[in-house]
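# Secondary and tertiary structure notes
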Amino acid sequence: MSRIKELRASFDKKLDALEHQALALEAQLTQTKDQAMQRLEQRKQQLRDLLKQVQADVQTSKEMAEQAKTEVQGRLDHLQVQLALGKADARDTFEEQRTKILKALNEFESVADQKLKGAGFESGRIWEDLVGRTSSLEAEFEALKGRFEHEKAKQQGMLESKKQELLTELVLFKDQLKAKRGVVQAKADVFETDMRQGLDQIKAGFRRLFE
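So, here is what we can say about the structure in this document.

Closest axis-to-axis distance for the helix 3 (residues 33–60)/helix 4 (residues 66–84) pair is 10 Å, and the angle between their directions is 160°. Classed by the angle they form, the pair helix 3 and helix 4 counts as roughly antiparallel. Crossing of helix 3 over helix 4 shows left-handed handedness. Two secondary-structure elements touch here, helix 3 through Lys44, Leu47, Arg48, Leu51, Lys52, Val54, Gln55, Val58 and Gln59 and helix 4 through Lys69, Val72, Gln73, Leu76, Asp77, Leu79, Gln80, Leu83 and Ala84. Along the lines of polarity and charge, the residues of the contact of helix 3 with helix 4 split into nine nonpolar, four polar and five charged.

Dropping the structure here:
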């Protein structure tokens, strides 16, 4: 298993991913669409900032062959171009941008995991940051995707009482997530599954707001 996949499969990173999804859903319930789009742009910028550091490390690496540097640089440049595209306010352009960014990210990770060598890469510091920031970006994309998919189905405002109910559930979910981070590894898989199912129920409630 690659280093990136190992990190994503770890208990802590799985909980981080659930927390990112909960926070993204909470933002959709409490913010306007423009504010939610700006939140997505911030996550894209955070990933771009990290990739600039990766680019600098690649250029100065003495452990990497020039061919490997060129290959990684090509994937980096392509991903940076996709992340630099402006806000996609329409549903079709949003979905196109989301697909392109996630595809470019996957292609970069695949090459990076094999080719990147050097102190920062070997220590896992870069991978920790990469997994965390991509998880946050993916969560924002997923939450906004649901909003775009259902916004035409229901033009009137959300029922305030239902919004508050979902927000209460999200607060409880985040509290449970925080309290259980210290759970012993033996129970980790069961706990992660329970929390994921709980979040899926909240997501279903979120989608029903637009039906």
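We now examine the environment of Lys180. Relative to the assigned elements, Lys180 resides in the loop between helix 8 (160–179) and helix 9 (188–208). In this structure Lys180 comes out as partly exposed when scored by relative accessible area, which is 43%. C-alpha of Lys180 to C-alpha of Met195: the two residues are 15 residues apart in sequence and 9.9 Å apart in space. Beyond its immediate sequence surroundings of up to four residues, Lys180 is in contact with Phe11 and Phe191.

Before going further, it helps to spend a moment on the packing of helix 3 against helix 5 (residues 91–115). Relative to each other, helix 3 and helix 5 sit at 25°, their axes nearing to 14 Å. Between helix 3 and helix 5, the crossing angle belongs to the class labelled roughly parallel. Relative to helix 5, helix 3 is oriented so that their crossing is left-handed. Contacts between helix 3 and helix 5 involve Leu40, Lys44, Leu47, Leu51 and Val54 on the former and, on the latter, Phe94, Gln97, Ile101, Leu105 and Phe108. Residues that form the contact of helix 3 with helix 5 fall into these classes: eight nonpolar, one polar and one charged.

Calculation notes
- Residues numbered from 1 in each chain as written.
- Predicted model: local features only at pLDDT ≥ 70, side-chain atom pairs only at ≥ 80, totals over all residues.
- Heavy atoms only, no water.
- Axes fitted to C-alpha atoms, helices over the stretch in contact; angles between N-to-C directions.
- Helix = DSSP H or I, 4+ residues; strand = E, 2+ residues; numbered from the N terminus.
- Parallel < 35°, antiparallel > 145°, perpendicular 65-115°, else oblique.
- Left-handed = near helix turned anticlockwise from the far one by under 90°.
- Contact = heavy atoms within 4.5 Å.
- Nonpolar A, V, L, I, M, F, W, Y, C, P; charged D, E, K, R; others polar.
- Buried < 20%, exposed > 50% of the residue type's maximum accessible area, 1.4 Å probe, protein only.

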